[in-house]
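Residue-level structure breakdown
Residue strings, one per chain:
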Amino acid sequence: MDNKNFEEIMDAFHDANNLLEMCYGYAQSDTPVMKSLTESLYLIKLKYDSIYQLLTK
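Since the structure is predicted, the reported quantities are computational estimates derived from the model, not experimental observations. (Residues numbered from 1 in each chain as written. Predicted model: local features only at pLDDT ≥ 70, side-chain atom pairs only at ≥ 80, totals over all residues. Heavy atoms only, no water.)

1. Brief notes about the overall build of the chain
Condition: Elements are defined by DSSP. Helices are runs of H or I of four residues or more, strands are runs of E of two residues or more, and each kind is numbered from the N terminus. In this setup the radius of gyration rests on C-alpha atoms only. A globule is expected at 2.2 Å times the number of residues raised to 0.38. Buried, partly exposed and exposed residues are distinguished by accessible area as a fraction of the type maximum, computed with a 1.4 Å probe on protein chains only: under 20%, between the cut-offs, and over 50%, respectively. Computed with a 1.4 Å probe, the accessible areas rest on the Shrake-Rupley method; for each residue, only the protein chains presented here act as cover. In this tally Asp and Glu are treated as negative and Lys and Arg as positive; neither His nor the chain ends contributes. Note that the charge is assigned to NZ on lysines, CZ on arginines, CG on aspartates and CD on glutamates.
In terms of regular secondary structure, the chain is built from two helices and zero strands. For a compact globule of 57 residues, the expected C-alpha radius of gyration is about 10 Å, and the chain comes in at 14 Å, more than 25% above that figure. Taking the principal axes of the C-alpha coordinates as reference, the chain spans close to 45 × 15 × 10 Å. Expressed as a percentage of the 57 residues in the chain, the buried residues total 16%. For the chain, the accessible surface area stands at approximately 4,500 Å², while carbon and sulfur atoms represent 58% of it. Placing the 5 positive and 9 negative side-chain charges of the chain at their respective mean positions leaves the two points 8 Å apart.

2. Remarks on a nonpolar patch on the surface
Filter applied, for reference: Like-charged residues within 9 Å of one another, or nonpolar side chains (Val, Leu, Ile, Met, Phe, Trp, Tyr) within 5 Å, are grouped into patches, provided each residue has over 30% relative accessible area and no salt bridge. One speaks of a salt bridge when a side-chain nitrogen belonging to Lys or Arg is within 4 Å of a carboxyl oxygen belonging to Asp or Glu.
Taken together, the side chains of Met1, Phe6, Met10, Phe13, Leu20, Tyr48 and Leu55 present a nonpolar region at the surface, about 680 Å² in accessible area. Counting residues per element, the ones that place at least two in the nonpolar patch are helix 1 (3–28) and helix 2 (34–55). The element contributing the most residues to the nonpolar patch is helix 1, with four residues. Inspection of the secondary structure assignment puts Tyr48 in helix 2.

Listed below in structure tokens is the structure:
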């Protein structure tokens, strides 16, 4: 794995972690917006799928 691939993977993990923090905020609110939470969780799934694809190249 070269540095460029490593940077791509680390950026993807950073993005996924930001989405997780956002989901945590949604879940902790007094009236969570389930549609937003569901969409964010789906985006996290896609992020982790893309990270897996990068790792298995």
